[in-house]
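# Overview (structure and organization)
Now for the letters of each chain:
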Amino acid sequence: MKIYNTLTKKKEEFVPVNPPKVRMYVCGPTVYDYFHIGNARSFVMGDMIRRYLLYRGYDVKYVMNLTDVDDKIIKRANELGEDPKKYAEKYIAEFFKDIDGLKVKRADAYPRATEHISDMIELIKKLEEKDVAYNVDGDVFYDVRKFKDYGKLSGKKIDELESGARIEINENKKNPLDFALWKKAKEGEPEWESPWGKGRPGWHIECSAMSMKELGETLDIHAGGSDLIFPHHENEIAQSEAATCKDFVKYWVHFGFLNIRDEKMSKSLGNFYTAREVLKKYPAEAVRLLFAQTHYAAPLNFSFELLDSAKKATERISSLAKTVTEKLASKNFGDEEYELNFEEFENKFRIAVDDDFNFPKGVAVIFDFVKAANREMQNKNLPKSFYENAKGFLERTAQDVLGIVDFNFQDEDKSTGGKQDELIKILIELRQKAKAEKNYALADEIRDKLSAIGIILQDSKTGTTYKIKS
Ligand SMILES: [Zn+2]
């Protein structure tokens, strides 16, 4: 397996520190609002990579932090007159709703910044002992000039970074690139006791402290949006490596930007979409397919037209999945020979995705498979093994790795929030009422009209149920 490593700027053979274990960390959300569709891309791609590593037999521990103390949270909460901790709590709950909506598998751990303050303080103390951190009247800064490798991830020298980057000017800093490890308490902000007085941690130290706490001093994969390369990930390296004198991360993986119709997504341009808005109209499978069709590191162009075609494409896979499932349930098989080589398709899928998680190529293999399987099924009376193999292949690849089909078909109605089921039940109730009033013409009309659109009512002594004819 090969992975493009942002640190070395090369595609490298993937060799974890301690195989088959893989320790993977992805920067999580700052919980001050619903996350947008660009964030959703990072969460889904992290999830897909993790699922692929599992498919390849690795024992993956996957961790994502939740930043629940930060300038943005405090600002919003204060504007609304709410307690920042409660405000963050609310958006943590909303985060999980949307993650589940996208069918992202839950991480093995979601450490919260406010529950790891003492780990952060310990790490800052270590940095102070090593003389790479300095305290100015209760604010503690990292001295970037003391870390000789500063800039190795973003590929820039300190002098270049200083002139190019937009850095907050602070008279207390020795160097403009120095960043806050600990921020002195201010009126109206959450605060914790520390050796430097009351205050709160800086954002960068949160990720260093929590990732090393959960996964050890050297991680196999650290991922995040490419906007985090500088300064966030550069600073994580500086903090962690100065403290441990070990490599912090073996493979740095960065997800490309998401643009809307070739434009940057922004609230002022009116092209800003939360994941929740998109999931109200489209199933997770369609969103995931759209994401999988672009290489994770490349910019992704998002539009609702593309999402419509992704949705149609997922329907081709789910239609095959349904046919195969029904055929297996019917136990009605033939014995004609088939040409489709299941092993070859799975090898092609693996070879494609082994190359730096090339999901677009993996997706193409799946659609070739759908075409080939449909062709065989049209012309031949196939044996049981054909359907079993087809189901196995689709489950392992399209379902378990990509999440673009779900063999659990009951979930299908989720895109309308289960409303279809409720609607049919209302009609059944009205038909019951019509019958009770001896209005049999109306009762039959309801039954026949439902039947005409494939919804079959079944009366029994215990009541009426329905089934949907496919
Ligand atoms: Zn982070």
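In case you missed it, the structure is sitting above this.
Quick caveat, the model's predicted, so the values are computed rather than measured.

Each value, and the rule that gives it
- Numbers given for residues are sequential positions, taken from 1 along each chain in its written order.
- In keeping with the predicted nature of the model, local features appear solely for residues at pLDDT of at least 70, side-chain atom pairs appear and are counted solely at 80 or more, and the whole-chain, interface and lining totals rest on all residues.
- Excluded from the side-chain calculation are hydrogens and water; included are all heavy atoms of the structure.
- Strands pair, by our definition, only if DSSP identifies at least two bridges between them.
- Under the scheme used here, helices are H or I runs from DSSP no shorter than 4 residues and strands are E runs no shorter than 2 residues, and both carry numbers assigned from the N terminus.
- Only C-alpha atoms enter the line fits that serve as axes; for helices the fit covers just the stretch in contact. Angles between N-to-C directions range over 0 to 180 degrees.
- Note on exposure labels: buried denotes an accessible area under 20% of the residue type's maximum, exposed denotes more than 50%, and partly exposed covers the range between, all computed with a 1.4 Å probe on protein chains only.
- Two N or O atoms count as a polar contact when they lie within 3.5 Å, although within protein this holds only if one can serve as hydrogen donor and the other as acceptor, and sequence-adjacent residues are included solely when both atoms are side-chain atoms.
- Here a residue-residue contact requires only that any non-hydrogen atoms of the pair lie within 4.5 Å.

### Digging into the sheet that holds strand β4 (residues 59-64)
The strand order β4-β3-β9-β10 describes an open sheet built from 4 strands, whose pairing is parallel. Bordering the open sheet on either side are β4 and β10 (249-255), each of which pairs with just one other strand. Averaged over all neighbouring strand pairs, the angle between strand axes comes to 20°, with direction disregarded. In the sheet, strand β3 (residues 21-26) pairs with β4 via 6 bridges, with the strands oriented parallel. Residue pairing in the sheet places Met24 in a bridge with Tyr62 of β4.

### Topic: the side chain of His254
Along the chain, His254 turns up in strand β10. Judged by relative accessible area, His254 falls into the buried class, the value being 7%. Looking at His254, its side chain comes within polar contact range of the side chain of Thr6, at 2.8 Å. Side chain to side chain, His254 and His233 meet in a polar contact 2.8 Å long. Leaving out residues up to four positions away in the same chain, His254 has contacts with Thr6, Leu153, Gly224, Gly225, Ser226, Ile229, His233, Tyr296 and Ala297.

### Observations regarding the environment of Thr464
If you trace the backbone, Thr464 turns up in strand β15 (residues 463-468). As for Thr464 and Gln432, which are separated by 32 residues in sequence, their C-alpha atoms are 8.8 Å apart. The residues contacting Thr464, other than those within four sequence positions of it, are Ile428, Arg431, Gln432, Leu457, Gln458 and Asp459. Polar side-chain contacts of Thr464 include one of 3.4 Å to the side chain of Gln432.

### Here we look at unusual backbone geometry
Backbone geometry follows two general trends: most residues other than glycine have a negative phi, and most peptide bonds adopt the trans configuration. Here the bond from Pro19 into Pro20 is cis, since omega is 5°, no more than 30 degrees from zero. Among the secondary structure elements, Pro20 is positioned in the loop between β2 (10-13) and β3. With an omega of 0°, the peptide bond running from Phe230 to Pro231 counts as cis. Mapped onto the secondary structure, Pro231 falls in helix α7 (residues 229-244).

### What about the sheet that holds strand β12 (residues 263-264)?
Consider a sheet: its strands pair through backbone hydrogen bonds, and that pairing is either parallel or antiparallel. Read from one edge to the other, the open sheet built from 3 strands follows the order β12-β11-β13, with strand pairing classed as mixed. Unpaired on one side and paired on the other, β12 and β13 (300-302) mark the two borders of the sheet. Across 3 bridges, the pairing between strand β11 (residues 258-260) and β13 is parallel. By the bridge assignment for β13, Leu258 is matched with Leu300.

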